[in-house]
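Close look at the chain arrangement
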Amino acid sequence: MILVFGLFIYMGDVMQREVTYFHDINRCKYFADRIMSQPSPNKEGRIIAVCKLKNVKKDQTIYN
């Protein structure tokens, strides 16, 4: 197992299935900020992107 930062995206109260993993928190936060600056595709809820620590298997795709 390896400790990484996961980019979790929520549309309203619903978490999207796809989670992207990064070694560097600054890279994760860059994408979170870019995602949250986009207009919401629906009127019911806004897009929220957060970076959280997560343990994943070493064979998982992890971006720098």
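For the structure, see preceding data.
To keep things clear, this report deals only with the structure shown in the data block. (Residues numbered from 1 in each chain as written. Predicted model: local features only at pLDDT ≥ 70, side-chain atom pairs only at ≥ 80, totals over all residues. Heavy atoms only, no water.)

Per the counting criterion, the structure on display carries three aromatic pairs. On the basis of an interplanar angle of 45° and a centroid distance of 6.1 Å, the ring pair of Phe22 and Tyr63 is categorised as tilted. With Phe22 in strand S3 (residues 20-22) and Tyr63 in strand S5 (residues 62-63), this residue pair connects regions lying 41 residues apart in the sequence. Taken together, a centroid distance of 5.1 Å and an interplanar angle of 80° make the contact between Tyr30 and Phe31 edge-to-face. Phe31 sits in the partly exposed class, given a relative accessible area of 29%. Members of the aromatic cluster, joined through ring pairs, are Phe22, Tyr30, Phe31 and Tyr63. (Phe/Tyr/Trp six-rings, centres within 6.5 Å; stacked < 30°, edge-to-face > 60°. Helix = DSSP H or I, 4+ residues; strand = E, 2+ residues; numbered from the N terminus. Buried < 20%, exposed > 50% of the residue type's maximum accessible area, 1.4 Å probe, protein only.)

For the rest of this paragraph, the subject is the state of the cysteines. Enumeration over the complete set of coordinates arrives at one disulfide. Here Cys28 connects covalently by a disulfide to Cys51, the sulfurs 2.2 Å from one another. Handedness here is read from the sign of the S-S torsion; for Cys28 and Cys51, about -110°, the answer is left-handed. Of this pair, Cys28 sits in helix H1 (residues 25-36) while Cys51 sits in strand S4 (residues 47-56), and the two are 23 residues apart along the sequence. (Disulfide = S-S within 2.5 Å.)

Let's shift gears to the environment of Ile62. For Ile62, the location among the structural elements is in strand S5. As a C-alpha pair, Ile62 and Thr20 span 42 residues in sequence and 7.4 Å in three-dimensional space. In this structure, Ile62 is in contact with Ile2, Val4, Tyr21, Phe22, His23 and Val56, ignoring residues within four places of it in sequence. (Contact = heavy atoms within 4.5 Å.)

Moving on to H1. The end-to-end C-alpha distance of H1 is 16 Å, a good match for the 16 Å that 12 residues give at a rise of 1.5 Å each. The distance from a side-chain oxygen at the start of H1 to the backbone nitrogen of Asn26 is 3.2 Å, and the residue carrying that oxygen is Asp24. (Expected span 1.5 Å × (residues − 1). Polar contact = N/O pair within 3.5 Å; in protein donor to acceptor, adjacent residues only side chain to side chain.)

Okay, the environment of Phe8 next. Its location among the elements puts Phe8 in strand S1 (residues 2-11). Between the alpha carbons of Phe8 and Ala32 there is a distance of 8.4 Å; along the sequence they are 24 residues apart. Ignoring any residue separated from it by four or fewer positions in sequence, one finds Phe8 in contact with Met15, Val19, Ile48, Ala49, Val50, Lys52 and Lys54.

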